[in-house]
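Inside the fold
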Amino acid sequence: ESKPRTPRLFRSLFGTDVYAFFKGDACFVILNDNDGFKGNIPSSQIRFLKELIKFIPKTSLLVVSQHVPLAEVSNNDEFLKVIGEHPCLVLSGHTHTVHRKIWNSNVNEWGVGASCGSWWQGERDYTGIPVSLQQCGTPRNFYRLFISGNKYELKFKGVGLDDNYQMDIKIKGQDSLDDSIPSLSEIANGCVVANVYSGCDSTKVEISIYNGNWLPMKHTEMIAPAVSKIIEWNKKKIYPSKFSTKIPLRKQQSPHIWTFQLPTSDNNYHILKIRAYDDYGLGKIEQSLVFNLEKNN
């Protein structure tokens, strides 16, 4: 049986790394599926989960916390079989990105990012802390979990950012540096690019211009614009600057980008709102932006 590597110090200070507890009506289950850099849930933990579930009502929420995402766990089929029809929220880490996967009608997984971002690397801000942007274009973060019965909602919180900052919105052409970044130069001027940090392929993302009707945005596979800039500036040796370190970012598509092409307008000033919501733990979020389209006309 494969045995996950667990620091002895953790066990000596806190005890076992596999346990469960109740908070309200929800049962929280802590597993250790980290087998080096691979994911595997040992048979002993599968048995633990199987015996535990016998005592939990089928309508009660299971919140399973582990390190490696289920997609990278070699025996995730065993896990899903044990969970059965229980409503289950899986919280995972490991990738230092924010991502989500809906496994079936009752099992929903959130990769919750990292408070250290990309391992505390990158250009330092005015306080001397590395920006450490994550591969998906998400800033350093954590999540707040709210539970009512077997329903739940997760709220993104960027470290050092306002509670309401849930996405970054870019309009191509407003930044004069855009055309110096190969992947951004290909985007049409006036295209709105929204990186909705907590979005997934089941999220509805809509845009309203001048308080007009809500229109659907297009889920788009692309590298996050902020990541594209850093990659290019790393390549040109602009980054890292003195006393900073290089973020190991790759040309990898972000799973939570939406786009919308703005119509040509005689009025250069626009107010737009973007909202996002779904039925899998993301409560409705909304963000506004005021901008000038003069350069695009």
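I will try to describe carefully the structure that is included in this document. (Residues numbered from 1 in each chain as written. Predicted model: local features only at pLDDT ≥ 70, side-chain atom pairs only at ≥ 80, totals over all residues. Heavy atoms only, no water.)

1. Describing the state of the cysteines
- Inspection of every chain in the model, using the stated rule, returns zero disulfides.
- Left without a disulfide partner, Cys136 is nearest to the cysteine sulfur of Cys116, which lies 13 Å away. (Disulfide = S-S within 2.5 Å.)

2. Here we look at the environment of Asn106
- Tracing the backbone through its elements, the reader meets Asn106 in the loop between β7 (98-102) and β8 (107-112).
- It is 6.6 Å that separates the C-alpha atoms of Asn106 and His86, two residues lying 20 residues apart in sequence.
- Here Asn106 is in contact with Ile83, Gly84, Glu85, His86, Pro87 and Cys88, once residues within four sequence places are set aside.
- There is a polar contact of 2.9 Å between the side chain of Asn106 and the backbone oxygen of Gly84.
- Engagement of the side chain of Asn106 in a polar contact is seen with the backbone oxygen of His86, the distance being 2.6 Å. (Helix = DSSP H or I, 4+ residues; strand = E, 2+ residues; numbered from the N terminus. Contact = heavy atoms within 4.5 Å. Polar contact = N/O pair within 3.5 Å; in protein donor to acceptor, adjacent residues only side chain to side chain.)

3. Some details on the packing of aromatic side chains
- For the coordinates displayed, the defined rule picks out eight aromatic pairs.
- With centroids separated by 4.9 Å and ring planes inclined at 40°, the aromatic side chains of Phe156 and Tyr197 adopt a geometry described as tilted. With a gap of 41 residues between them, Phe156 in strand β10 (residues 151-158) and Tyr197 in the loop between β12 (191-196) and β13 (204-209) connect regions that are remote in the sequence. As far as burial versus exposure is concerned, Phe156 and Tyr197 are alike and both buried. (Phe/Tyr/Trp six-rings, centres within 6.5 Å; stacked < 30°, edge-to-face > 60°. Buried < 20%, exposed > 50% of the residue type's maximum accessible area, 1.4 Å probe, protein only.)

4. A look at the side chain of Arg140
- Of note, Arg140 is situated in the loop between β8 and β9 (141-148).
- One buried charge, Arg140, has no salt-bridge partner; the nearest side chain with opposite charge is Asp125, at 5.3 Å.
- Polar side-chain contacts of Arg140 include one of 3.3 Å to the backbone oxygen of Ser115. (Lys, Arg positive; Asp, Glu negative; His and termini not counted. Salt bridge = Lys/Arg side-chain N within 4 Å of Asp/Glu carboxyl O.)

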